[in-house]
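Here is how the chains run, residue by residue.
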Amino acid sequence: SQTIHQWPATLVQPVGSPLSLECTVEGTSNPNLYWYRQAAGRGLQLLFYSVGIGQISSEVPQNLSASRPQDRQFILSSKKLLLSDSGFYLCAWSVGSSRAVGQPQHFGDGTRLSIL
Amino acid sequence: GESVGLHLPTLSVQEGDNSIINCAYSNSASDYFIWYKQESGKGPQFIIDIRSNMDKRQGQRVTVLLNKTVKHLSLQIAATQPGDSAVYFCAEAKVAGGTSYGKLTFGQGTILTVHP
């Protein structure tokens, strides 16, 4: 069965420090991968998605970047964190497909990021 | 842009009652819909999905109804249990004729509280 792992679960960082959040998926090949941010009491905002190694699409302009160095690894980064980067960051995967069929996304348990 | 929203932000029910959570979507071109359950501190968990060529789909204790005429989606939970207490999100996507990466647009969420 497929599993998705995110770490760390919680992170407290000072303003201006760098960030690296990692997400890995097991049990599937060539998945689509996604990074979301969720503000407290709100819905999910898509930040980045990737349909393959080295292929990253950004949904919103921001202080963050994403990379996919391996097929099942997705990394969210920042060179200098801002206070506004605080939030709950979620990674998700879905079946990669060349056909336009609906596929559910499956989420990890997130990283709670607090910027001080 | 297009958005998906929920009619009620909170819903309280007694254990054993049936729950109905509603969702309105504005993109008439959407053809794939998902319901997620999110417990505190965790990532969203896939519950059930439905494609636009269907108007009803049943799972274990859950039923999703789709009314394309009024662009309305609902999730029915039978015999609601305290363990069903969570935030429920609907999400929509346009997959046919578009990209195949499965981009979802999420609603804001409904808080379901089940009282013993």
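Residues numbered from 1 in each chain as written. Chains lettered and ligands numbered in written order. Predicted model: local features only at pLDDT ≥ 70, side-chain atom pairs only at ≥ 80, totals over all residues. Heavy atoms only, no water.

Undergrad: Help me out: how do you make sense of the overall build of chain B in this one?
TA: The secondary structure content of chain B amounts to zero helices and 11 strands. Counting helices and strands in the order they occur from the N terminus, chain B gives β-β-β-β-β-β-β-β-β-β-β. Expressed as a percentage of its 116 residues, the buried residues of chain B come to 44%. Taking as baseline every contact in chain B between residues at least 6 positions apart, the subset at least 24 positions apart corresponds to 56%. In the form shown here, chain B has an accessible surface area of approximately 5,500 Å², with 48% of it arising from carbon and sulfur atoms. (Helix = DSSP H or I, 4+ residues; strand = E, 2+ residues; numbered from the N terminus. Buried < 20%, exposed > 50% of the residue type's maximum accessible area, 1.4 Å probe, protein only. Contact = heavy atoms within 4.5 Å. Areas by Shrake-Rupley, 256 points an atom, 1.4 Å probe, with all protein chains shown as cover.)

Undergrad: What is the right way to look at the state of the cysteines in this model?
TA: Defined simply, a disulfide is a covalent bond joining two cysteines at their sulfur atoms. Residue and element names in this part refer to chain A. What the rule picks out here adds up to two disulfides over all chains. Covalently, Cys-23 is tied to Cys-91 through a disulfide, its sulfur atoms 2.0 Å apart. Across the S-S bond linking Cys-23 and Cys-91, the dihedral sits near -75°, which makes this disulfide left-handed. On the criterion of sequence distance, the pair formed by Cys-23 in strand β3 (residues 19–26) and Cys-91 in strand β9 (residues 87–94) is long-range, its members being 68 residues apart. Here the two residues Cys-23 and Cys-91 agree in accessibility, since each one is buried. (Disulfide = S-S within 2.5 Å.)

Undergrad: For this particular structure, what's the right way to read the nonpolar core?
TA: Among soluble globular proteins, nonpolar side chains are generally buried collectively. Of all hydrophobic cores here, the largest spans 20 residues; its most connected members are Ile-21, Trp-35, Leu-73, Leu-75, Tyr-88 and Leu-112 of chain B. Within the residue set of this core, elements represented by two or more residues are β2 (10–14), β3 (19–25), β4 (32–38), β5 (45–51), β7 (62–67), β8 (72–77), β9 (86–93) and β11 (110–115) of chain B. Membership of the second largest hydrophobic core comes to 19 residues, among which are Leu-19, Cys-23, Leu-76 and Ile-115 of chain A. (Core = buried A, V, L, I, M, F, W, Y, C linked by side-chain atoms within 4.5 Å.)

Undergrad: I tried to follow the packing of aromatic side chains on my own but got confused; where do I start?
TA: Two numbers describe a pair of aromatic rings. These are the distance of the centres and the angle of the planes. Summed over the entire model, instances satisfying the criterion amount to nine aromatic pairs over all chains. Between Tyr-36 of chain B and Phe-46 of chain B the ring centres are 6.4 Å apart and the planes differ by 75°, which places this aromatic pair in the edge-to-face class. Here Phe-46 of chain B lies in strand β5 and Tyr-36 of chain B lies in strand β4, a separation of 10 residues in the sequence. When the centroid spacing of 5.6 Å and the interplanar angle of 40° are considered together, the rings of Tyr-36 of chain B and Phe-106 of chain B count as tilted. A residue pair is termed long-range when its members are at least 10 positions apart, and Tyr-36 of chain B in strand β4 and Phe-106 of chain B in strand β10 (residues 105–106) qualify at 70 residues. Grouped by ring-pair contacts, the aromatic residues Tyr-34, Tyr-36 and Phe-107 of chain A together with Tyr-36, Phe-46 and Phe-106 of chain B constitute a single cluster. The side chain of Arg-112 of chain A reaches across the aromatic face of Phe-88 of chain A, ending 4.3 Å from its centre. (Phe/Tyr/Trp six-rings, centres within 6.5 Å; stacked < 30°, edge-to-face > 60°. Lys NZ or Arg CZ within 6 Å of the ring centre and 35° of its normal.)

Undergrad: Sorry, what's going on with the environment of Ser-17 of chain A here?
TA: All names here are of chain A. By secondary structure assignment, the location of Ser-17 is in the loop between β2 (10–13) and β3. Among the residues examined, Ser-17 registers a relative accessible area of 11% and is labelled buried. Taking the C-alpha atoms as reference, Ser-17 lies 6.9 Å from Lys-79; in sequence the two are 62 residues apart. Beyond its immediate chain neighbours, meaning those up to four positions away, Ser-17 contacts Lys-79, Lys-80 and Leu-81. Of the polar contacts made by the side chain of Ser-17, one reaches the backbone oxygen of Pro-14; its length is 2.6 Å. (Polar contact = N/O pair within 3.5 Å; in protein donor to acceptor, adjacent residues only side chain to side chain.)

Undergrad: Quick question: what am I supposed to make of the environment of Gly-109 of chain B here?
TA: All names here are of chain B. Turning to its location among the elements, Gly-109 is positioned in the loop between β10 and β11. Under the relative-accessibility criterion, Gly-109 is labelled buried at 12%. Taking the C-alpha atoms as reference points, Gly-109 and Cys-23, 86 residues apart in sequence, are found 8.9 Å from one another.

Undergrad: Could you clarify how one ought to interpret the sheet that holds strand β8 (residues 73–78) of chain A in this entry?
TA: Picture the strands of a sheet paired through backbone hydrogen bonds; they go either parallel or antiparallel. Residues and elements named next belong to chain A. The sheet built from four strands is open, its strands ordered β1-β3-β8-β7 with antiparallel pairing. Both edges of this open sheet fall to β1 (3–7) and β7 (65–70), since each of them pairs with a single strand only. Adjacent strand axes in the sheet meet at a mean angle of 20° when their direction is disregarded. With four bridges joining them, β7 and β8 adopt antiparallel strand pairing. Along β8, the bridge assignment pairs Ser-67 with Ile-75. (Pairing = 2+ DSSP bridges. Axes fitted to C-alpha atoms, helices over the stretch in contact; angles between N-to-C directions.)

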